[in-house]
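Residue-level structural notes
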Amino acid sequence: MGATPQLTDEELAKLAEQEAKTEVITVTGSLIGRKEVDSPSPVSVVDKQKLEGAGVTNVGDILQKIPSQGNAINAQNNNGGDGSVRIDLRSLGANRTLVLLNGRRVVSSGLGADSSVDFGTLPLAMIERVEVLKDGASAIYGSDAIAGVVNVITRSNFNGTEASIYASTSQRGDGQNYDLSFVTGHSTAKGNVTFSAGFQKQYSVMAGDRDFSAKTYSFDYGCTDAKEAAGACTKAALTGSSSGPTGRINTNPGGGAPNVIVPGCTTQFCTADGKGGFRNFINPTATSFGDNYNFQTLNYLFTPSTRINLFSNGNYELSKYVHAFFEGQFNSRKSAQQLAEEPAQLGLFGTPISADNAYNPFHTDIVSYNRRLTEFGTRNADQSVQTSRIVVGLNGNIPEEVPVLKNWKWELSYDYGRTDSTNSTKGDLILSHLANALGPSFTDSNGVAQCGTGPSTQIAGCVPLNLLTPGHVAPGAINYLVFTGTTSGLNEQHTAQATASGKLLDLPNHGDISLAIGGDYRFEKGANTPDPLTATGDTTGNASAPTSGSYHVTEGFGELSVVPVSGLDFIKWVELDAAGRVFDYNTFGSGVTGKVSALIRTAGGIALRGTYGSAFRAPNIAELFSGQFDSFPLVNDPCDTLPPGAKKPIKLGATAAAQCQKEGVPGNAQFGTGQQRSKLGGNRDLDAETATVATGGIVYEPLAGLDLTLDYWHIQIDNAITTLPVPTVLNQCYEGGVQKYCEAVQRDPASHEISHVIDIIQNVGGITTSGLDFSAAYQYKTDFGTFRHTLEGTYLFQYNEDIGVKDPKTGKEQIIHARGFYDLGVNPDLKFNIFTLWSHPSGLDAGFNFRFVDSFQECDNDDCNTSANGRRDVSKYATGDLFIDYALKSSQGTTRLSLGMNNVIDARPPIIYNGPALNTDESAYDFMGRMFYVRLSQLF
């Protein structure tokens, strides 16, 4: 691209020779180069036109919209996010999608001991195309390629200089995004070197600034239209948090805990009246939060970030048959999340307000009390992540004079990558200090409240906390309780690889036999080291124990391709492939995986293709070595007779009531909490998971420029490495009566609320998913220019997770059916995209993108698999983008101006009441709304 320097005739001849040699290409999913671009495996390509037409600056945001992808994290994840953008093919988990850069592995990136790649580390300006292999490829690439492979191909042999400026903003004047990029390259007859640099800054959007996320709601799944019309119930009600600024006292926690007599309050739950006294707590309704707290106004909806990236690649001819090459990459990310102030839940923390506390007017231990600590400010997390990668190697061809192996390609490479990160958090409290500040206190001789039972037991530095009277927290108490925690992390990867491939011999009928062989050694290391308070759990925030570990693997692999027929009148091409890989991990041992595939292309533009293979995924560092850490999923306590959104107490089922009684929970327990603490973590006893992956499809080209494809796919994962959703754990205990899961539920002995649910990673029965991918592409020329239309979609047949437990009533395996249900995330029947581009010889281009996500159902506690649970329909979602650009050529090069509007109709994401704290789902829908952008680029 760009103006080519004047070359001598000899240099031009060498360039032509190199061009001829590159006619043989390697398609993602195979190790063997071929002149035919057709592949037995289904591969979709996101080329540069589609990347530029998307109107965003992160390749991960573009790839998250392809139909085969689902439920991956991105910058819209605030609560639980870390600023990264990941890809999750077939909704099987980002750790089951292998990411390659120019066919080689990329170091995991994030906050340390990560299991997948942050696509924000890949510079968009340097990307030529992205090839998405929608087929298992463990035999070709090794572990992690169960759901498929995403291979990012960068620009090479770039000649010239290109500078680009991008700016965007939402219709509402927020969420601005700026991107500056610079690419330059120089080519000679001996080689090429390319360098790029980029800067990108994304500003935040607040949840309170979008109508769909400004407030949170609960939904009564048992409320029918008839009941609601009769006034017996309300389907949707404002919910917020029961930890409000005025607090909420549970005066009758039960289970032997003392009752609290609160003057001025006649109900079980009481709150401060703002006048020094107390009154009845007002529950939320369909139109009012009551005394609950709307935390959304302080939460990020779209998180801010700043990225700086550097990238370079090059190659040099050492001799006619040997070339040296390199790739270098550096990315620096600073990102942030923000949540509303700490919701102090004493029942969850196990820190009662002592009867002898100086600020406890009731002189009775208060074991169940919630309050939003508005005096302490918001909770914030700030990440700084640096990712570096270097690849060096030699490649070339075997001379033609060598018998049998003439013109074989070979490559030796070394790939090193490392990510270093820090994550700074503030807004949480020191738990032991909170216990001191709420414990016994006395008034000293100066009339000042001090922590302790008297001067002899005074706790140095401690300031008693006046928690029951909002607005009266002493600055000294705040200083005593708050802390800033810093977690450091790393990921490191070393890969040494050798490959060779080429034709073994020619066959009759223009066929041939080709072979690829190779071996590699890979070393992975990861760690995540939290601050001492977080590591020991001495915090009101999410506790997290340290993670540290490593493993190494040695592998050998090969692929044999037989083309018995080529270029005949009816049979145009027949290809039979077989691939295999042997591996040896120091963590779990050795094994073998294999794959067979076939492609038959006939006259009339019809091709049949199919694959069948075994795949595997070794447990990664986080899954093996992660220390236990906290999470707070949205789910009600099954023993709660008045959960959030309920207007009156509910009756528990017989199995649930019996189990609650067994755990010592009073039959009329009322907690009103919609969030529970779970403890996740690694498991060193994990085994590798295995899978079988099959695809079968047809490709039809009825006329020039028109391609139609239809591919069936089926993935069966056995011994799956996963954590079960907390609602599933609770349902298996309180509805299914499975003791194994009841043992995972731990309760506070005083308040009887759930203190935590143990949910560490384990091998479960497995996952089965299947569906149909379809696509159509049509490109043609007219007097008005060139038109290009593409349709790509997927239809899901099934997504079933076997949790490895039999139903005690039927004896059948317990299966979570996720197709069309929200139990395991957004898994609708149908998703598709349409892309259209019009190009005029004058340099004017225009086009649009259209995206559709079908409806599905959600149920109480994310459990649509229990027939007793009510259901509601989540709406369909459709959105479109428009863009236009004009390229003007001059003596200075080519100037291109692009204008675009994303989400033209300002489509709102559908309401999902079980969505992660935003009434919807961050992974599937656009939160920004209508967005305008402009991009100006200059090619010299």
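Note that this is a predicted model, so its numbers are computed, not measured.

How each quantity is defined
- Residues numbered from 1 in each chain as written.
- Predicted model: local features only at pLDDT ≥ 70, side-chain atom pairs only at ≥ 80, totals over all residues.
- Heavy atoms only, no water.
- Pairing = 2+ DSSP bridges.
- Helix = DSSP H or I, 4+ residues; strand = E, 2+ residues; numbered from the N terminus.
- Core = buried A, V, L, I, M, F, W, Y, C linked by side-chain atoms within 4.5 Å.
- Buried < 20%, exposed > 50% of the residue type's maximum accessible area, 1.4 Å probe, protein only.
- Contact = heavy atoms within 4.5 Å.
- pLDDT = per-residue confidence, 0-100.
- Salt bridge = Lys/Arg side-chain N within 4 Å of Asp/Glu carboxyl O.
- 1 Å grid on protein atoms, 1.4 Å probe; cavity = no way out; pocket = protein on both sides within 12 Å on 5 of 7 lines; lining within 4 Å.
- Points joined across faces, edges and corners; volume = space filled by probe spheres on them.
- Nonpolar A, V, L, I, M, F, W, Y, C, P; charged D, E, K, R; others polar.

**Structural notes on the sheet that holds strand β3 (residues 104-105)**
Ordered by their spatial adjacency, five strands build an open sheet running β1-β4-β5-β2-β3, and the pairing between neighbours is mixed. A single partner strand is all that each edge strand has here, and the edge strands are β1 (43-47) and β3. Two elements, strand β2 (residues 97-101) and strand β5 (residues 148-154), share five bridges in a ladder whose sense is parallel. The partner of L101 across the bridge, within β5, is V152.

**A short note on the nonpolar core**
By size, the foremost hydrophobic cluster in this structure holds 66 residues, and its most contacted members are V59, F119 and V130. The element that contributes the greatest number of residues to this core is helix α12 (residues 726-734), accounting for five residues. With residues up to four places along the chain from it excluded, the contact list for V59 reads L51, F119, L122, L124, I127 and V130. One finds V262, C270, L429 and V473 within the second-largest nonpolar core, a separate group that totals 32 residues.

**Section: the confidence of the model for the protein chain**
Mean pLDDT for the protein chain: 91, with 96% of residues reaching 70 or above. In the predicted structure, residues 1-23 sits below a pLDDT of 50 and forms 28 contacts with residues beyond four places in sequence or in another chain.

**Re the pattern of salt bridges**
Throughout the structure, instances matching the rule amount to 41 salt bridges. One salt bridge in this structure joins R908 and D211, with 3.2 Å as the shortest N-O distance. With R908 in the loop between β44 (893-902) and β45 (931-939) and D211 in the loop between β9 (205-206) and β10 (217-219), this residue pair connects regions lying 697 residues apart in the sequence. Owing to a relative accessible area of 56%, D211 belongs among the exposed residues under this scheme. It is possible to trace a salt-bridge network through shared partners that takes in R104, E327, R389, E411 and D415.

**Details of empty space enclosed by the protein**
To locate leftover empty space, one rolls a probe as large as a water molecule over the atoms. Applying the stated criterion across every chain yields a total of seven cavities of 30 Å³ or more. The computed volume of the largest cavity comes to approximately 260 Å³. Forming the walls of the largest cavity are 23 residues, and the residues nearest its centre are S108, S115, S116, D144 and E524. Elements with a contribution of two residues or more to the lining of the largest cavity: β2, β24 (482-507) and β25 (511-529). Here the lining of the largest cavity takes four residues from β25, the largest share from any one element. For the lining of the largest cavity, a count of residues per class yields eight nonpolar, nine polar and six charged. In this structure, the second largest cavity occupies an estimated 160 Å³ of space. Lining the second largest cavity we find 18 residues, and of these P67, S91, T794, L796 and K831 sit closest to its centre. Elements that contribute at least two residues to the lining of the second largest cavity include exactly β37 (785-806) and β39 (830-839). Considering every element that reaches the lining of the second largest cavity, the biggest residue donor is β37, with four residues.

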